[in-house]
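# Inside the fold
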Amino acid sequence: MVTDIVLPCLNEAPALPWLLSRVPAGYRPIVADNGSTDGSPEVATAHGATVVHVPQRGFGAAAHAGLLAATADIVCFCDADGSFDPQQLPRVTDPVRAGAADLVLGRRRPTTRRAWPLHARLANALLALRLRRGIGVPLHDLGPMRAARRADLLGLSLRDRRSGYPLEMVVAAARAGWRILETDVDYAPRAAGTRSKVTGTVRGTAQAIRDMAKVLST
């Protein structure tokens, strides 16, 4: 059975060769390119990925376009910056396939101190605490590596097309009564030559905070 991997991408060319070479058998990579100017679509195509061009800017726009392009029963999401090892994708997909969970998130376990900046880790921990206390979601990390069934995800009718998309998915799933689990995955420094669109700039960080606050206020 094929599993689709949605890889939202914006200027991740240096990371893609290693990342795509690590895709396990039975997984089909879909690179949702959000307007890269570094040749990411060409690199992705050369390494066997399906490329979806997404003109609307925003992480959520890219992620959702990849979801719409997917055809497999189970779809997983993974950052395209080389911080996650695709070989560990079965950790999030297997519980969904076995019927043990409806949504599984990878709880990041940094492989080095520089993999996850302290300010980003603290912000994530506070967000997870708010989710646990506010809506009872048993999570410690809003992990970017995650998996669920495609039809169920589409049924959530997610609307955010920016940085709030991953959070909206968890909130909507919890309100729909989904069984949500998390499992440990390795988290390494992003590939050299790439830069975080959220924690890498003041503007990106501020926008992400606004997007997530909007999701939590609805």
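Right, let's walk through the structure included here.

Conventions we followed
- Residues numbered from 1 in each chain as written.
- Predicted model: local features only at pLDDT ≥ 70, side-chain atom pairs only at ≥ 80, totals over all residues.
- Heavy atoms only, no water.
- Pairing = 2+ DSSP bridges.
- Helix = DSSP H or I, 4+ residues; strand = E, 2+ residues; numbered from the N terminus.
- Axes fitted to C-alpha atoms, helices over the stretch in contact; angles between N-to-C directions.
- Parallel < 35°, antiparallel > 145°, perpendicular 65-115°, else oblique.
- Left-handed = near helix turned anticlockwise from the far one by under 90°.
- Contact = heavy atoms within 4.5 Å.
- Nonpolar A, V, L, I, M, F, W, Y, C, P; charged D, E, K, R; others polar.
- Buried < 20%, exposed > 50% of the residue type's maximum accessible area, 1.4 Å probe, protein only.
- Right-handed = clockwise from strand over helix to strand, strands pointing away.
- Arc of directions from axis to C-beta.

### Things to note about the pairing of strand 5 (residues 103-110)
- As defined by bridge partners, strand 5 adjoins strand 6 (residues 146-149) across three bridges and the pair is classed as antiparallel. Following the sheet pairing, Leu 105 is matched in strand 6 by Arg 146.
- Relative to strand 7 (residues 180-187), strand 5 runs parallel, the two sharing eight bridges. Within strand 7, the position partnered with Gly 106 by the bridge is Thr 183.

### As for unusual backbone geometry
- Here the phi dihedral of Asn 11 falls at roughly 60°; this positive angle occurs in a residue that is not glycine.
- Relative to the assigned elements, Asn 11 resides in the loop between strand 1 (3-9) and helix 1 (16-21).
- Of note in the backbone geometry, Ser 157 takes a positive phi value of approximately 50° without being a glycine.
- Here Ser 157 lies in the loop between helix 6 (150-155) and helix 7 (165-175).

### Description of the packing of helix 5 (residues 118-135) against helix 7
- With their axes 12 Å apart at the nearest point, helix 5 and helix 7 run at an angle of 15° to one another. It follows from the interaxial angle that helix 5 and helix 7 lie roughly parallel. Taken as a pair, helix 5 and helix 7 cross one another with a handedness that is right-handed. Contacts between helix 5 and helix 7 involve Leu 127, Leu 131 and Ile 135 from the former and Leu 167, Val 170, Val 171 and Ala 174 from the latter.
- Split into classes, the residues belonging to the contact of helix 5 with helix 7 amount to seven nonpolar, no polar and no charged.

### Here we look at the pairing of strand 1
- Counting buried positions over the seven residues of strand 1 gives seven, a clear majority of the element.
- What you see with strand 1 is no split at all: Thr 3, Ile 5, Leu 7 and Cys 9 on one side and Asp 4, Val 6 and Pro 8 on the other are buried throughout.
- Where strand 1 and strand 2 (residues 27-33) come together, seven bridges link them in parallel fashion. Considered in strand 2, the bridge of Asp 4 is made with Arg 28.
- The parallel pair strand 1 and strand 2, bridged by helix 1, forms a crossover whose chirality is right-handed.

### A look at the sheet that holds strand 1
- If you walk across this open sheet you meet the seven strands as 3-2-1-4-6-5-7, and the pairing is mixed. Pairing within the sheet leaves two strands with one partner each, and these edge strands are strand 3 (50-53) and strand 7. Sheet twist, expressed as the mean angle between neighbouring strand axes with direction ignored, is 25°.
- As paired elements, strand 1 and strand 4 (residues 74-77) share three bridges and run parallel to each other. Note on strand 4: the bridge partner recorded for Asp 4 is Val 75.
- The strands that helix 3 (residues 59-69) touches are strand 1, strand 2, strand 3 and strand 4; relative to strand 1, the one it contacts most, it runs at about 155°.
- Strand contacts of helix 7: strand 4, strand 5, strand 6 and strand 7, with the helix running at about 135° to strand 5, the strand carrying the most contacts.

### Notes on helix 4 (residues 90-97)
- For helix 4, the complete set of buried residues consists of Val 92, Thr 93 and Val 96. Along helix 4, the residues classed as buried sweep out an arc of 90° about the axis, all on the same side.
- Contacts made by the buried residues of helix 4 are with strand 1, strand 2, strand 4, strand 5, strand 6 and strand 7.

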